[in-house]
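Analysis of the macromolecular model
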Amino acid sequence: MIQIKDFKNYEEKVIETQGWVTNRRSSKGLEFLILRDGSGFAQCIVSKDDVSDDVFNVASKLTQESSVKLKGKVVKDEKQIGGYELHVSEIKLIGTSVDYPITNKEHGIEFLMDNRHLWLRSKRQWAVLKIRNRLIYAINTFFQKEGFVQTDSPIFTPNAAEGSTTLFSSKFYDDDAYLAQTGQLYGEAMAMAMGKIYTFGPTFRAEKSKTRRHLSEFWMIEPEMAFYDNDMNMDLIEKFIKYIVKDVLENCETQLEMLNRDITVFKNIISEKFPRLTYDEAVEIIKGKKKINGKISIEVLENDLVQIKKKIEENKNEITEKEKIIAGGVKKGKRNFLQNRIDTLKNDIHKLEIKASNIPKWIESAANFEYGNDFGGSDETVITRMFDVPVMVYNWPHQIKAFYMKRDDENPELAKGVDVLAPEGYGEIVGGGERETDLNLLLSKIEEHNLPMKEFEWYLDLRKYGSVPHAGFGLGLERTVAWVCGTQHIRETIPFPRYYGRLRP
RNA sequence: UCCUCCUUAGCUCAGUUGGUUAGAGCGUCGGACUGUUAAUCCGCAGGUCCUAGGUUCAAGUCCUAGAGGAGGAGCCA
């Protein structure tokens, strides 16, 4: 049995393959079946001249998502997505499929999410999940090559590691327990045992967030390195991100093409050095006081707004023009074509209008940004708009960072944390930093954050018995997949997303 | 938790100032066509206009409440 991805090795050979029919087109003596088998997609042609009447009848009755076993000859055809098609000689129906709900027309997001278990079969989702898989592979390969030990942290935890965010509560026999929001503290313990470690597991945040960047359940990679300071940490982050992006570019060309991802944006990421901004510098950029490549952030946004408004006008004009043509009376095929174009334009206008209405708010919030605050989504967008590679922001006011973040020796108001902001508004993909080693400072921080001291006794032991400088970070897998794939929403990047309002399927 | 918008056929959506029998495309089903790429063309079927209440001679359309959804803010990876 040959998989579609291996067709290239069987040119002009007769082979057997099996899969699902995602679409069927027909003309008088020809049936075009699009077969998928998880390894790829391929067009299979059944010609009346080549097969018995029985086989042709089976082919002409095949419905979307019926499963079949096919025998046929592999033929090269440049027009096809995989470069090859199958000239079928025999068909065996394995399983029928009646009234498959997801058609080849556009669907709304709610309907698709309700049918997520079937939506996963479609091309776009296949491409995204393949890239997710490759990213996971690249992440593991990178850390293994760098000599890291993979050691996982527990999911049931007795306390909040970072205090502020909301946790999912649970029961652990008779004890109250929470689902982990990070494995960070356990990671530190494991780094003291193994040197350099990384965890890779699910994390849970009960934030009632309804944005394209949030999930309630997501996967995080958290490396932790003994004897690392924050500069070494940032070097590692940059090397790491470059490695995984390069790996996906080299191995997922077909998938990126299917997603219409503009891969030129990734070329810089591999070659260019990521800008490293202190929090102070980032604030100056947000407030429009610091020029980047001779440009002021607020002016760039104002210019964006002008461009967007211009684009909206252009789209509106095109719609009016096309509607006139339709009203004038045209053939059905032409009308459908024009109508589709109008629908696309209307959709674009809708998205552009949302953006246009957001930009003035961003400008206002950027201009009024108060030093000492954490960045909001809009502030991140303002910063990343100025660069075409991920941006690192470090040396944050210590008040807005977690209790375990190390204070800067030269300026105790600052904590040695680092956030990495992805380009194109995909937000913070990495958060990390150097960890506090001063036991007394940790004790006062834990009190300050109103955290239960009893639950942190084991953690404080790490500072009592051979404490060393150490650092680490966390990478959000889904945000990274979303950025690499260029998906509109993070919920497409995980097979069965869990977010506020979505528990099934 | 707050703000804005949405809910009409299996799906995606039109539906004018409140006015006759509720509209299209896609999908399904039937038919035509021997190279289609969301194929195309012809035809049939398909409706609790989200729910409850109200205003009115008359409500898909207006008002009130509720439910569900989308986007954004906050919070964060």
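Not measured: the values here are computed from a predicted model. (Residues numbered from 1 in each chain as written. Chains lettered and ligands numbered in written order. Predicted model: local features only at pLDDT ≥ 70, side-chain atom pairs only at ≥ 80, totals over all residues. Heavy atoms only, no water.)

**Some points on the packing of aromatic side chains**
Considering all chains together, one arrives at 22 aromatic pairs under this definition. A ring pair is formed by Tyr279 and Tyr371, whose centres lie 5.3 Å apart and whose planes are at 75°; its orientation type is edge-to-face. With Tyr279 in helix α9 (residues 279-286) and Tyr371 in the loop between α11 (332-367) and α12 (377-385), this residue pair connects regions lying 92 residues apart in the sequence. Ring plane angle 70° and centroid distance 5.4 Å describe the contact between Phe403 and Tyr404, whose orientation is recorded as edge-to-face. You'll find Phe403 and Tyr404 in the same group, each marked buried. (Phe/Tyr/Trp six-rings, centres within 6.5 Å; stacked < 30°, edge-to-face > 60°. Helix = DSSP H or I, 4+ residues; strand = E, 2+ residues; numbered from the N terminus. Buried < 20%, exposed > 50% of the residue type's maximum accessible area, 1.4 Å probe, protein only.)

**Describing the sheet that holds strand β11 (residues 217-226)**
Pairing is mixed across the open sheet formed by eight strands, whose spatial order is β6-β10-β11-β16-β15-β14-β13-β12. In this open sheet, the two edge strands, each paired with only one partner strand, are β6 (149-150) and β12 (276-278). Pairing of β6 with strand β10 (residues 196-204) involves two bridges; the strand directions are parallel. Looking at β10, one finds that Gln150 is bridged to Tyr198. Here α9 sits on the sheet in contact with β12 and β13 (391-397), set at roughly 90° to β12. (Pairing = 2+ DSSP bridges. Contact = heavy atoms within 4.5 Å. Axes fitted to C-alpha atoms, helices over the stretch in contact; angles between N-to-C directions.)

**Section: the pattern of salt bridges**
In the structure shown here, the tally under the stated rule is 25 salt bridges. Between Lys73 and Glu12 there is a salt bridge, with its nearest N and O atoms 3.6 Å apart. On the criterion of sequence distance, the pair formed by Lys73 in strand β4 (residues 67-76) and Glu12 in the segment before β1 (14-27) is long-range, its members being 61 residues apart. Salt-bridge contacts for Glu224 lead to Arg435; the nearest nitrogen and oxygen are separated by 2.9 Å. Separated by 211 residues along the polypeptide, Glu224 in strand β11 and Arg435 in the loop between β15 (427-434) and α13 (439-448) bring together distant segments of the chain. For the residue pair Glu224 and Arg435, the accessibility class agrees, reading buried in each case. (Salt bridge = Lys/Arg side-chain N within 4 Å of Asp/Glu carboxyl O.)

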